[in-house]
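A structural walkthrough
Spelled out, the chains give:
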Amino acid sequence: MSALIVTGTDTGIGKTIFSAGLVQALGATYWKPVQSGLEEETDSQTVARLSGRPALPEGYLLQLPASPHLSAEAEGVEIDPDTLDLPEADGVLVAEGAGGLMVPLNRKVLYLDLFARWRAPVILCARTQLGTINHTLLSLKALRDAGCLVVGVAFIGEAEPEVEDTICQFGKVAHLGRLPVLRELTSDALAVAFQASINVNLIKEALAQGESA
């Protein structure tokens, strides 16, 4: 099995939609370790609906739409990172984190700690709005300091070429493309946009390098 991690610079930036497009493009399986908030469609349900690909059961399903550690505490439980090893899947597994890298799983462990333990290549999703240079460069530094292999940055939103180039220059990172916000979010529309906008071949190369390492 080979695996990819999808994370983001913040919450609500569109990384679940990106994950759905990636899962669809790679014919992969999706996994969300911790789902916080069950009032609406879960991320696993969204990805399965848009990609037509399987989603594995979450490690933890928590009612409160908040940071995982707070959601767990509200239910009187503690998330045990040792139960969140990457699951087995046929082909490629795409594992998506929650929020950004510094989101706590419990009072001692961050998502970043989990990513570092998994030792799988990481795709960092970043929005193109104001503030993204700072957030993205800080996230890249945190990933590298933790020993994570960064595949590149995938941008989400309206085109901001100078901002995107600045991030890739200072961050010394590959530009994986920019997924626009889709007016009509359907499986077909996502597939077309992803194929046209995202460098899937570069992602596949990173997967192959990870398998041979």
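Residues numbered from 1 in each chain as written. Predicted model: local features only at pLDDT ≥ 70, side-chain atom pairs only at ≥ 80, totals over all residues. Heavy atoms only, no water.

What about the packing of aromatic side chains?
One pass over the structure, following the stated rule, counts four aromatic pairs. Each ring, one from Phe18 and one from Phe194, has its centre 5.2 Å from the other, and the planes form 50°; the classification is tilted. Here Phe18, found in helix H1 (residues 15-26), pairs with Phe194, found in helix H7 (residues 187-197); they are 176 residues apart in sequence, far enough to count as distant. In this structure Phe18 comes out as buried when scored by relative accessible area, which is 0%. Seen from their ring centres, Tyr111 and Phe115 are 5.5 Å apart, and the 40° between their planes marks the pair as tilted. (Phe/Tyr/Trp six-rings, centres within 6.5 Å; stacked < 30°, edge-to-face > 60°. Helix = DSSP H or I, 4+ residues; strand = E, 2+ residues; numbered from the N terminus. Buried < 20%, exposed > 50% of the residue type's maximum accessible area, 1.4 Å probe, protein only.)

Examining the pattern of salt bridges
A full pass over the atoms with the stated rule returns eight salt bridges. We note a salt bridge from Lys32 to Asp43, for which the minimum N-O separation is 2.7 Å. Taken together, the positions of Lys32 in the loop between strand E2 (29-31) and strand E3 (34-36) and Asp43 in helix H2 (residues 43-51) put the pair eleven residues apart, joining distant regions of the chain. Across the salt bridge formed by Glu73 and Arg107, the nearest N and O atoms sit 2.7 Å from each other. Taken together, the residues Glu73 in helix H3 (residues 68-74) and Arg107 in the loop between strand E5 (92-96) and helix H4 (111-118) connect sequence positions 34 residues apart. Within this structure, Lys32, Asp43 and Glu96 form a network of salt bridges that share partners. (Salt bridge = Lys/Arg side-chain N within 4 Å of Asp/Glu carboxyl O.)

What about the environment of Ala89?
Tracing the chain through its elements places Ala89 in the loop between H3 and E5. Judged by its relative accessible area of 14%, Ala89 is buried. The spatial distance from the C-alpha of Ala89 to the C-alpha of Asn134 is 35 Å, given a sequence separation of 45 residues.

A closer look at the sheet that holds E5
As a general point, the strands of a sheet are linked pairwise by backbone hydrogen bonds and lie either parallel or antiparallel. Strand order in this open sheet of six strands is E2-E5-E1-E6-E7-E8, and the pairing throughout is parallel. Since the sheet does not close on itself, it has two edges, and those belong to E2 and strand E8 (175-179), each with one partner. Neighbour-to-neighbour, the strand axes of this sheet turn through a mean angle of 25°, independent of strand direction. Of the pairings in the sheet, the one linking strand E7 (residues 150-156) to E8 comprises three bridges and is parallel in character. Bridging across to E8, Val153 finds its partner in His175. (Pairing = 2+ DSSP bridges. Axes fitted to C-alpha atoms, helices over the stretch in contact; angles between N-to-C directions.)

Comments concerning a negative patch on the surface
A cluster of acidic residues, Glu158, Glu160, Glu162 and Asp165, forms a negative patch at the surface. Its location among the elements puts Asp165 in helix H6 (residues 161-171). (Patch = residues over 30% accessible without salt bridge, like charges linked within 9 Å, V, L, I, M, F, W, Y side chains within 5 Å. Areas by Shrake-Rupley, 256 points an atom, 1.4 Å probe, with all protein chains shown as cover. Lys, Arg positive; Asp, Glu negative; His and termini not counted. Charge placed at Lys NZ, Arg CZ, Asp CG, Glu CD.)

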